[in-house]
Amino acid sequence: MDTIASLFSFITWPVSWVIVQFHKVYGAIFGPDTGWAWGLSIVSLVVLIRICLIPLFVKQIKSTRNMQALQPKMKAIQERYKSDKQRQSEEMMKLYKETGTNPLSSCLPILAQSPFFFALYHVLSNIASGKEIGAMNQVLVDSARQAQIFGAPIAAKFTDSPEKVEALNASLTDVRIVTAIMIILMSASQFFTQRQLMMKNVDLSVKTPYMQQQKMLMYIFPVIFAVMGINFPVGVLVYWLTTNVWTMGQQMYVINQNPTPGSKAQDAYLQRLLKSITHHGEVRGRRRKSVVKIVVAKGSDRNENERRFFGGLAKAGFAAQADGTVVKSDTIAAEAEGGAAAKRQQPKRQTKAQRQAAAVQQAAAKDTEGDSEPTAEKAAPSLEKKPQGPAKTGASEAADAKGEAQGDKPARPSRANSGGSRQQGKTGQRKGQQRPKHPSSKK
């Protein structure tokens, strides 16, 4: 570690100078030789560095989102050119160039912090040895060497020998307890930061190998920090714990205010926006208007969260406009309520057994209707059972015709019977009982 830190000795002087300036401020408040003065100087160094790295952090967020959006296309390229690695690399670079994505952009904040981290490590190592370093003269080195944070000198390590700890006027037990707690907090903050990113700010509708890699890093990074942490001085642990907490808070703000499309964080953000619009009757804030404008421009490409947001607006009687504003309309609310009511009133789909039972009932009902025929039709068979008389003469036929004209309905089956008798008289043999025709039949 000392060898690596020496490679960044060119930035040692600026880092030590910043610490000295902050120490002057905090030394006037807490005392120049206290651990609070030196500890807060290191914390302030971290805050200053992270403020300067905010543009890189924004670029990291954009790069990470672009990489998530490109995962399906990258997977298709890998499948298409899996036997030609060179062509696969060329297509990947072409895809990055077309979309303006740089895979290394997600590592920029960490890479940018590395020189300051190793420079601080180099400064603290020289303080532990009692040597002047950068802008720190011997008086400041001795003051920092004796400063303690909860009983542990800022230059002490978890792996230091008892003799070295005693030379710093401290107890080995205190040093190891303080360093162990700080290592646990450092690893836990790293784990929570990565978990927050994976659970809330990832598009769950896209399952790609990138997500699996992020899940692995969520568990690997804390272990790496825990193993490396036992070799860090207390001052470096203060630096790294502070930067982890800063990253966690910065990421939490970004997730709440600018979430990834399709993620749980976006759903929560749109619901908060919907509640604000319903309460105030308008979209408040330029950034919120830009969000509504982007969602409106998507059209049919909206994800489930965005469609749910627009449905909530319609139920509340609002319509989103292309400029990011909303307008009130009672017609929209009525249509939304009517559509929801119609959707609720749709009959429940029957099972196959229920459909078969309904079909059997309908068939039975039709058979019952077929059996209930007119009274004349029922009376005809009873007339047929009477003994057949002799064949009617022409006078009787005329009388029958006259009775039929006067509305004597039973005459029709009698006519049929007489016709059957005539036929029997002609042939001398009856072929069988004939079912009379319906009164409405024309013959």
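Our subject is the structure that appears above.
Residues numbered from 1 in each chain as written. Predicted model: local features only at pLDDT ≥ 70, side-chain atom pairs only at ≥ 80, totals over all residues. Heavy atoms only, no water.

*Asks:* Before we go on, may I ask you to explain the overall build of the protein chain in this structure?
*Replies:* Assigned secondary structure in the protein chain consists of 19 helices and 4 strands. A burial count over the protein chain gives 39% of its 443 residues as buried. Relative to all contacts within the protein chain whose residues are 6 or more apart in sequence, the contacts with residues 24 or more apart total 66%. When the accessible surface of the protein chain is split by element, carbon and sulfur atoms take 58% of a total near 26,700 Å². (Helix = DSSP H or I, 4+ residues; strand = E, 2+ residues; numbered from the N terminus. Buried < 20%, exposed > 50% of the residue type's maximum accessible area, 1.4 Å probe, protein only. Contact = heavy atoms within 4.5 Å. Areas by Shrake-Rupley, 256 points an atom, 1.4 Å probe, with all protein chains shown as cover.)

*Asks:* Explain helix H2 (residues 12-30) here, please?
*Replies:* Structural remark: α-helix, 3.6 residues per turn; residues separated by three or four positions point the same way. When the terminal C-alpha atoms of H2 are compared, their 26 Å separation across 19 residues agrees well with the 27 Å that a helix rising 1.5 Å per residue should span. In the structure, H2 departs most strongly from a straight axis at Lys24, where the bend amounts to approximately 30°. Thr12, Val15, Ser16, Val18, Ile19, Val20, His23 and Gly27 are the residues of H2 that are buried. With its phi angle positive at about 110°, Gly31 sits one or two positions after the end of H2. (Expected span 1.5 Å × (residues − 1). Bend = angle between axes of the 7 residues up to and from the residue.)

*Asks:* I keep staring at the packing of aromatic side chains and nothing clicks. Help me out?
*Replies:* Each aromatic ring pair is summarised here by two numbers: the centre-to-centre distance and the angle between the ring planes. Within this structure, the stated rule accounts for 11 aromatic pairs. Between Phe117 and Phe118, the ring centres sit 5.2 Å apart and the planes meet at 75°, which makes this aromatic pair edge-to-face. Under the relative-accessibility criterion, Phe117 is labelled buried at 6%. On the numbers, 6.5 Å between centres and 70° between planes, the contact of Tyr121 with Phe232 is edge-to-face. Remark: Phe232 occurs in the loop between helix H10 (209-229) and helix H11 (234-257) and Tyr121 occurs in helix H6 (residues 108-129); sequence separation between them is 111 residues. Judged by its relative accessible area of 2%, Phe232 falls in the buried class. Here the aromatic cluster, defined as three or more aromatic residues joined through ring pairs, consists of Phe117, Phe118, Tyr121, Phe225, Phe232, Tyr239 and Trp240. Here Arg176 stacks its cationic end above the ring of Phe158, 5.5 Å away from the centre of that ring. (Phe/Tyr/Trp six-rings, centres within 6.5 Å; stacked < 30°, edge-to-face > 60°. Lys NZ or Arg CZ within 6 Å of the ring centre and 35° of its normal.)

*Asks:* Is there a simple way to explain the side chain of Ser143 in this structure?
*Replies:* For Ser143, the position within the fold is in helix H7 (residues 138-146). Ser143 gets classed as buried once you look at its relative accessible area, which sits at 8%. With residues near it in sequence (within four places) discarded, Ser143 still touches His23, Pro32, Asp33 and Trp38.

*Asks:* Explain the nonpolar core to me, please; I cannot follow it from the model alone.
*Replies:* For soluble globular proteins, nonpolar side chains are generally found buried alongside one another. Trp38, Leu120, Met136 and Tyr239 are the most contacted members of the largest nonpolar core, which totals 48 residues. Secondary structure elements with two or more residues in this core: H2, helix H3 (35-52), H6, H7, helix H9 (172-200) and H11. Ranked by residues supplied to this core, first place goes to H6 with 10 residues. If we skip the residues at most four places from it in the chain, Met136 touches Ser16, Val20, Trp38, Val123, Ile127, Val141 and Ala144. Leu274, Val292, Val296 and Val326 belong to the second-largest nonpolar core, a separate cluster that totals 17 residues. (Core = buried A, V, L, I, M, F, W, Y, C linked by side-chain atoms within 4.5 Å.)

*Asks:* It is not clear to me how unusual backbone geometry should be interpreted in this structure. Could you clarify?
*Replies:* Glycine aside, the phi torsion of most residues is negative, and most peptide linkages are trans. Phi is positive for Phe150, close to 55°, though the residue is something other than glycine. Checked against the element boundaries, Phe150 lands in the loop between strand S1 (148-149) and strand S2 (152-153). For Asn169, which is not glycine, the phi torsion reads 60° and is therefore positive. For Asn169, the location among the structural elements is in the loop between helix H8 (162-167) and H9. Overall, Asn169 belongs to the exposed group, its relative accessible area being 52%.

*Asks:* Sorry if this is basic, but what is going on with a nonpolar patch on the surface here?
*Replies:* A surface patch of nonpolar side chains, about 610 Å² in accessible area, is lined by Val25, Ile29, Phe30, Trp36 and Phe150. Here the nonpolar patch gets 3 residues from one element, more than from any other, and that element is H2. Along the chain, Trp36 turns up in helix H3. Judged by relative accessible area, which is 55%, Trp36 ranks as exposed. (Patch = residues over 30% accessible without salt bridge, like charges linked within 9 Å, V, L, I, M, F, W, Y side chains within 5 Å. Salt bridge = Lys/Arg side-chain N within 4 Å of Asp/Glu carboxyl O.)

*Asks:* I tried to follow helix H14 (residues 304-315) on my own but got confused; where do I start?
*Replies:* Compared with the 16 Å implied by 1.5 Å per residue over 12 residues, the 17 Å span of H14 between its first and last C-alpha is a close match. Considered for burial, the residues of H14 that qualify are Asn305, Glu306, Phe309, Phe310, Gly312, Leu313 and Ala314. By the N-cap criterion, in which a side-chain oxygen at the helix start approaches the backbone nitrogen of a residue two or three places on, H14 is capped by Asn303, the distance to Asn305 being 3.1 Å. Positive phi shows up at Gly317, right after H14, with a value of about 90°. (Polar contact = N/O pair within 3.5 Å; in protein donor to acceptor, adjacent residues only side chain to side chain.)

*Asks:* Can you help me understand the pattern of salt bridges in this one?
*Replies:* A pair can form between side chains of opposite charge whenever their charged atoms are brought close. In total, this model carries 7 salt bridges according to the counting rule given. Asp267 is the salt-bridge partner of Arg308, the closest N and O atoms lying 3.2 Å from each other. Of the two residues, Arg308 is situated in helix H14 and Asp267 in helix H12 (residues 264-280); the sequence distance between them amounts to 41 residues. Of the charged contacts, one joins Arg308 and Glu304 as a salt bridge, the two residues approaching to 4.0 Å between their closest N and O atoms. You can see Arg308 and its partner Glu304 sitting in helix H14, 4 residues apart, about one turn around the helix. Judged by relative accessible area, which is 44%, Glu304 ranks as partly exposed.

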